[in-house]
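# Structural overview for review
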Amino acid sequence: MATYARGTVRGYRYPPRSVRRSLLIVLAAALCVACPATAATGRIAGDPLQAQEWWLAAIGADPSQAPGPGVPITVVDSGVDATQPEFAGRPNTAYLDDQTVDGSGEYHGTAVASLAVAPENGLGIVGVYPQAVFESFDASPSLAITDFPASQGIIAGALHCPGVISISFGGSFRDPQLEDAILGAVHNGCLVVAAAGNAGQQGNPPTYPADYPHVLTVGATDQNDAVASFSTLSPALDVAAPGVAIVAAVPLSRDPSGYLVGLSGTSFSTPIVAAAAAWVWTLRPTLDGSQIFELLRRSARDIGPPGFDSASGFGIVNIPASLAAATPASDPSEPNDDVDQIKPGALFPDGRPMLTTPAKPSTRIAARLDQSEDPHDLYRIWVPAHQVVRASVSSGGAAAARIWGPQTVGVGEGILSRRRDLKGPLITGGNKGAVAYVEVLLTGRSTTASYVLGVTASKR
């Protein structure tokens, strides 16, 4: 067991917590399934390997039409080889820590990054978003990614929100340290994109961080728009992207050609989605992270049963459709799943603003819930002295509201504390005003809900 120290990053403070310093992944074995691959040969005459990049058309990406530098992409992975021709001298590139590519599987970070941001330089491949602002964090200082450096990489990316953080690693154990880092990134306004995993033929176990709430989870498809057999099925899956027969840049120490072909895995689908997200966000800069998240899902090209399915999510990410689609409503105050996420001085120094205050004791707010990504919302409210505060939800029966008292530590607290704290649809103020909490949660068999929460204070 290991602990990590307090540290503040743009409004995000880690609470001290004992954590399992588990091995998350040995990259080459876990989230790519055709590694190692073969060296690239036979470049198209006078042209780089773009003709082999079948995935660009599959997501509607013409790199020559991609925008200039805008929303940054942070890849948290093994190190990127800064001497590889795709990255040597690349503009708008930052290495957030020391980069190493010494291990046998440490070409992974260079490959992943190249799919997102390789420039149009007449060499090798072209990334989905060639001119993107790119940041790399090497989370494998010991030749394999472990929780602490991975968490530090996410925190480093969260310094530059709004931005997209691309994660092509995973493991079978929940890690509170890693989850807190992701929540911090979402709190700061970033979009976190993660690989679903490659256990589609091994029983589809949960994969973290992909299965955490508020993470855009990516599955893999092939050249025929079919879900890859290895791609993990999950109710947390959001979108899919090409992840079979991929050609990518690698360190020259890994292969003198600088490229490998025949790579497969959700590892490679993820940076494709991350780059698509950054492209769209750069051209739609007024959207917040919750809107970009929902926009990518709503505009995806459906390939399975109509609507959502656990194999392809909402479909293959689609850049032109995302650029043209109507703007989704914002989902405010995310993440707001529990008390520690909204109470100032807990997980985040600023917490979340009060929904009601002494000056504004009644209000309404519109938001949404999703069983996998955002199963419940919590809001801080002010309960005036000697008044009754009521919470009600308009959602067509898909959601309900209940109030928790001032002493609530969390909505998962034990039965004795719950008897003290859970008040139901209303709470009566005492001799002094106090802060309480309103929880909105899904009801019955509902898996999603758009709702309007009303909080009203009256003398009785």
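For clarity, every value in this text was computed on a predicted model and none was experimentally measured.

The rules behind these values
Residues numbered from 1 in each chain as written. Predicted model: local features only at pLDDT ≥ 70, side-chain atom pairs only at ≥ 80, totals over all residues. Heavy atoms only, no water. Salt bridge = Lys/Arg side-chain N within 4 Å of Asp/Glu carboxyl O. Helix = DSSP H or I, 4+ residues; strand = E, 2+ residues; numbered from the N terminus. Buried < 20%, exposed > 50% of the residue type's maximum accessible area, 1.4 Å probe, protein only. Pairing = 2+ DSSP bridges. Axes fitted to C-alpha atoms, helices over the stretch in contact; angles between N-to-C directions. Left-handed = near helix turned anticlockwise from the far one by under 90°. Contact = heavy atoms within 4.5 Å. Nonpolar A, V, L, I, M, F, W, Y, C, P; charged D, E, K, R; others polar. Disulfide = S-S within 2.5 Å. Right-handed = clockwise from strand over helix to strand, strands pointing away. 1 Å grid on protein atoms, 1.4 Å probe; cavity = no way out; pocket = protein on both sides within 12 Å on 5 of 7 lines; lining within 4 Å. Points joined across faces, edges and corners; volume = space filled by probe spheres on them.

## A short note on the pattern of salt bridges
Within the structure shown, the criterion is met by nine salt bridges. Where Glu 294 meets Arg 297, a salt bridge forms, and the shortest distance between an N and an O atom there is 3.2 Å. One end of the pair, Glu 294, and the other, Arg 297, are both in helix 7 (residues 289–298), three residues apart, so they sit about a helical turn from each other. Across the pair, Arg 297 and Glu 294 agree in class, each one buried. Here Glu 439 and Arg 402 are joined by a salt bridge, their closest N and O atoms 2.8 Å apart. Of this pair, Glu 439 sits in strand 23 (residues 434–442) while Arg 402 sits in strand 20 (residues 399–404), and the two are 37 residues apart along the sequence. Looking at Glu 439, the relative accessible area reads 2%, which means it is buried. The partly exposed category is assigned to Arg 402, whose relative accessible area is 22%. Taken together, the shared-partner salt bridges in this structure form one network comprising Asp 238, Glu 294, Arg 297, Arg 298, Arg 368 and Asp 370.

## Overview of the pairing of strand 14 (residues 237–242)
In terms of burial, strand 14 is a largely internal element, six of the six residues being buried. Examined bridge by bridge, strand 13 (residues 216–221) and strand 14 share five bridges and lie parallel to one another. From the neighbouring strand, Thr 221 faces strand 14, where its bridge partner is Pro 242.

## Notes on the packing of helix 3 (residues 108–117) against helix 6 (residues 266–283)
It is the contact of helix 3 with helix 6, at a shortest axis distance of 8 Å, that shows an interaxial angle of 35°. Our pair here, helix 3 against helix 6, has a crossing hand that is right-handed. Touching His 108, Ala 111, Val 112, Leu 115 and Ala 116 of helix 3 are Ser 267, Phe 268, Pro 271, Ile 272 and Ala 275, all from helix 6. By residue class, the composition of the contact of helix 3 with helix 6 is eight nonpolar, two polar and no charged.

## Examining the sheet that holds strand 18 (residues 376–383)
Pairing between the strands of a sheet comes from backbone hydrogen bonds, and it takes one of two forms, parallel or antiparallel. Ordered in space as 18-23-20-21, the four strands form an open sheet in which the pairing is antiparallel. Since the sheet does not close on itself, it has two edges, and those belong to strand 18 and strand 21 (422–424), each with one partner. Each strand axis lies, on average, 35° off the axis of its neighbour in the sheet, ignoring direction. As judged from the two bridges shared by strand 20 and strand 21, these two strands associate in the antiparallel manner. For Trp 404, the partnering residue across the bridge sits in strand 21 and is Leu 422.

## A look at the state of the cysteines
One pass over the full model with this rule turns up one disulfide. Paired through a disulfide, Cys 161 and Cys 190 show a sulfur-sulfur distance of 2.0 Å. Measuring the twist about the S-S bond at about -115°, one finds the Cys 161-Cys 190 disulfide to be left-handed. Of this pair, Cys 161 sits in the loop between helix 4 (147–157) and strand 11 (164–167) while Cys 190 sits in the loop between helix 5 (176–188) and strand 12 (191–195); the two residues are 29 residues apart in sequence, bridging distant segments of the chain. Of the residues examined, Cys 190 reaches a relative accessible area of 4% and is grouped as buried.

## Details of the pairing of strand 12
Along any regular strand, the residues point their side chains to alternate faces of the sheet. Among the five residues of strand 12, five are classified as buried, and the element is accordingly described as predominantly covered. Taking every second residue as pointing to the same face, both faces of strand 12 are buried, with Leu 191, Val 193 and Ala 195 on one and Val 192 and Ala 194 on the other. Where strand 11 meets strand 12, four bridges bridge the pair, whose relative direction is parallel. In the sheet register, Ser 166 faces strand 12, and the bridge partner there is Val 193. One crossover worth recording links strand 11 to the parallel strand 12 by way of helix 5, and it is right-handed.

## Quick notes on the layout of surface pockets
Within this model, the largest pocket holds a volume of roughly 510 Å³. In this structure, the largest pocket is lined by 30 residues; those nearest its centre are Ser 290, Phe 293, Asp 331, Glu 334 and Arg 368. The set of elements that each furnish at least two residues to the lining of the largest pocket consists of helix 5, helix 7, strand 17 (363–370) and strand 24 (448–458). Per-element accounting of the lining of the largest pocket gives the leading share, six residues, to helix 7. For the lining of the largest pocket, the residue count by class is 10 nonpolar, nine polar and 11 charged.

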